[in-house]
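Okay, here's what each chain looks like letter by letter:
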Amino acid sequence: MIEARDAIPRISLLWLLAALLLLIVPHVVRLPVWVTVLLFSCMGWRLLIYAGRLGFPGKLLKISIVLVALPLTVMQYGAAGEGLDTAVCLLILGVVFKLLEMRDRRDILIVIALCYVLAMLGFIYTQTILATLHAIVCFILITATMLSLYRDDARNTFKDNG
């Protein structure tokens, strides 16, 4: 059972999903269609968990998704599965799969750290001013997610702030 102090605040989850969506959008053009569908399906499932309409997936389902996605990704990008695009695709899949098992603050901190890595990966493909502005916005959203994790709503009032 997760203690109340370790639970993921609902607002933090929304910030994280917004940041992750913004991070994934530039990579969608290089990802196979089935990966994009899987990414948005996992994010949608997490939103339904957030809304209380679905539960967390079982262990068998999570293992099945990974065992299907990994070989398909390697086959999609070539027999050896080598290269930058394969690595980026697998990293994005891993981050999105982590959404489905994220239950406490420790888990969301791992996803936040991976989001920073994803933001930096964008510079491997392009170093334009637009890409830099995109990365800055992503960094702001990711940092806002981290700050919202430790915001104390019970003591965060104008009266308490002086």
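Everything here concerns the structure above.
The following refers to the structure shown.

Analysis parameters
Residues numbered from 1 in each chain as written. Predicted model: local features only at pLDDT ≥ 70, side-chain atom pairs only at ≥ 80, totals over all residues. Heavy atoms only, no water. Helix = DSSP H or I, 4+ residues; strand = E, 2+ residues; numbered from the N terminus. Buried < 20%, exposed > 50% of the residue type's maximum accessible area, 1.4 Å probe, protein only. Contact = heavy atoms within 4.5 Å. Areas by Shrake-Rupley, 256 points an atom, 1.4 Å probe, with all protein chains shown as cover. Polar contact = N/O pair within 3.5 Å; in protein donor to acceptor, adjacent residues only side chain to side chain.

**Topic: the overall build of the protein**
Looking only at helices and strands, the protein has six helices and zero strands in total. Listing each helix as α and each strand as β along the protein from the N terminus yields α-α-α-α-α-α. The buried share among the 162 residues of the protein stands at 34%. Relative to all contacts within the protein whose residues are 6 or more apart in sequence, the contacts with residues 24 or more apart total 74%. Summed over its atoms, the accessible surface of the protein is roughly 9600 Å², and 69% of this surface lies on carbon and sulfur atoms.

**A look at the environment of glutamine 76**
For glutamine 76, the location among the structural elements is in helix α3 (residues 59-76). Along the backbone, glutamine 76 and proline 32 are 44 residues apart, and their C-alpha atoms lie at a distance of 7.7 Å. Excluding residues within four positions of it along the chain, glutamine 76 makes contact with Pro32 and Trp34. Reaching out from glutamine 76, the side chain makes a polar contact with the side chain of tryptophan 34 at a distance of 3.3 Å.

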